[in-house]
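What follows is the residue order along each chain.
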Amino acid sequence: MKAKDITKFKRSQWLELGGSLARRIVEDADKGISQDGAGNSRDFKAYSFAYAKKKAAGKAGPKGVGVDRQTSPPNLRLTSEMLNSIKAQKATTDSVEINYRSGLKVLGHSKKRGNKPKRNIYGLNDKNQRHVKDFIENVIDDRIIKFN
């Protein structure tokens, strides 16, 4: 191994990191954790009483049907379509993209909309940024040991 190869990453490593980040974003949303803050505690505002009652009954969906009935903590899973669409893709030797195929819904939730609360799943909170840092450090540390 040459010294210049210590910091090079393979596409598969970026894809692994992207996949783990997509999974962590979905897990955080299921726990009611936003991607804005530190990522250690629930920070999604509670559903309104009327909406929570509809969702618990399975009647909050666009056609009156909802798959998910969890109301506390808010998890942004009505039909599960938005959170199931988050995937890692287009890995290169420099980066990976996290694709939100329901982008308009994700952006809508990431902003305060009138009296509707903000529930952001776009970007990375501090806990997930530490995960990226630790992943990169572990790969580089292993290569430094191997190089040494």
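Located above this text is the structure these notes cover.
A brief look at the structure comes next. These figures come from a predicted structure and were not determined experimentally.

## What to know about the side chain of Asn125
Note on placement: Asn125 falls in the loop between helix H4 (103-110) and helix H5 (126-147). Take Asn125: its relative accessible area is 0%, and that puts it in the buried class. Within the local environment of Asn125, its side chain forms a polar contact with the backbone nitrogen of Asn128, the two atoms lying 2.9 Å apart. Apart from the residues within four sequence positions on either side, Asn125 is in contact with Asp28, Ile33, Ser34, Gln35, Asp36, Gly37, Ala38 and Gly39.

## Points about the packing of helix H1 (residues 11-31) against H5
Taken N-terminus to C-terminus, the directions of H1 and H5 make an angle of 155°; their axes are 10 Å apart at the nearest point. By the angle between their directions, the pair H1 and H5 is classed as roughly antiparallel. Note that H1 runs across H5; the crossing there is right-handed. Contacts between H1 and H5 involve Gln13, Trp14, Glu16, Leu17, Ser20, Leu21, Arg24, Ile25 and Asp28 from the first element and Lys127, Asn128, His131, Val132, Phe135, Ile136, Val139 and Arg143 from the second. Here the residues of the contact of H1 with H5 are counted per class, giving eight nonpolar, four polar and five charged.

## Observations regarding the layout of surface pockets
What the largest pocket holds in volume is close to 550 Å³. Lining the largest pocket are 20 residues, with Tyr47, Tyr51, Leu76, His109 and Arg113 sitting closest to its centre. Among the elements of the structure, helix H2 (49-57), helix H3 (81-84) and H4 are those that each provide at least two residues to the lining of the largest pocket. If you tally residues by element for the lining of the largest pocket, the top one is H4, at three residues. Here the residues of the lining of the largest pocket are counted per class, giving eight nonpolar, five polar and seven charged.

## Quick notes on the nonpolar core
Ala22, Ile25, Val26, Ala29, Phe44, Leu76, Met82, Leu83, Ile86, Tyr100, Val106 and Ile121 together form the largest nonpolar core, which totals 12 residues. Of all the secondary structure elements, the ones that give two or more residues to this core are H1 and H3. At four residues, H1 tops the list of elements feeding residues into this core. If near-sequence neighbours (up to four positions away) are discounted, Met82 is found in contact with Leu76, Ser102, Lys105, Val106, His109 and Ile121. Grouped together as the second largest cluster of nonpolar side chains are 10 residues, Trp14, Leu17, Leu21 and Val132 included.

## Some remarks on the packing of aromatic side chains
Under the counting rule described, the total for this entry stands at three aromatic pairs. Considering the side-chain rings of Tyr100 and Tyr122, the 5.7 Å spacing of their centres and the 55° angle between planes classify their relative orientation as tilted. One end of the pair, Tyr100, is in strand E2 (residues 97-100); the other, Tyr122, is in the loop between H4 and H5, and 22 residues separate them in sequence. Residue class for Tyr122 comes out partly exposed when judged on its relative accessible area of 46%. In this structure, Arg143 is placed above the aromatic ring of Phe9, and the distance from its NZ or CZ to the ring centre is 5.5 Å.

The rules we used
Residues numbered from 1 in each chain as written. Predicted model: local features only at pLDDT ≥ 70, side-chain atom pairs only at ≥ 80, totals over all residues. Heavy atoms only, no water. Helix = DSSP H or I, 4+ residues; strand = E, 2+ residues; numbered from the N terminus. Buried < 20%, exposed > 50% of the residue type's maximum accessible area, 1.4 Å probe, protein only. Polar contact = N/O pair within 3.5 Å; in protein donor to acceptor, adjacent residues only side chain to side chain. Contact = heavy atoms within 4.5 Å. Axes fitted to C-alpha atoms, helices over the stretch in contact; angles between N-to-C directions. Parallel < 35°, antiparallel > 145°, perpendicular 65-115°, else oblique. Left-handed = near helix turned anticlockwise from the far one by under 90°. Nonpolar A, V, L, I, M, F, W, Y, C, P; charged D, E, K, R; others polar. 1 Å grid on protein atoms, 1.4 Å probe; cavity = no way out; pocket = protein on both sides within 12 Å on 5 of 7 lines; lining within 4 Å. Points joined across faces, edges and corners; volume = space filled by probe spheres on them. Core = buried A, V, L, I, M, F, W, Y, C linked by side-chain atoms within 4.5 Å. Phe/Tyr/Trp six-rings, centres within 6.5 Å; stacked < 30°, edge-to-face > 60°. Lys NZ or Arg CZ within 6 Å of the ring centre and 35° of its normal.

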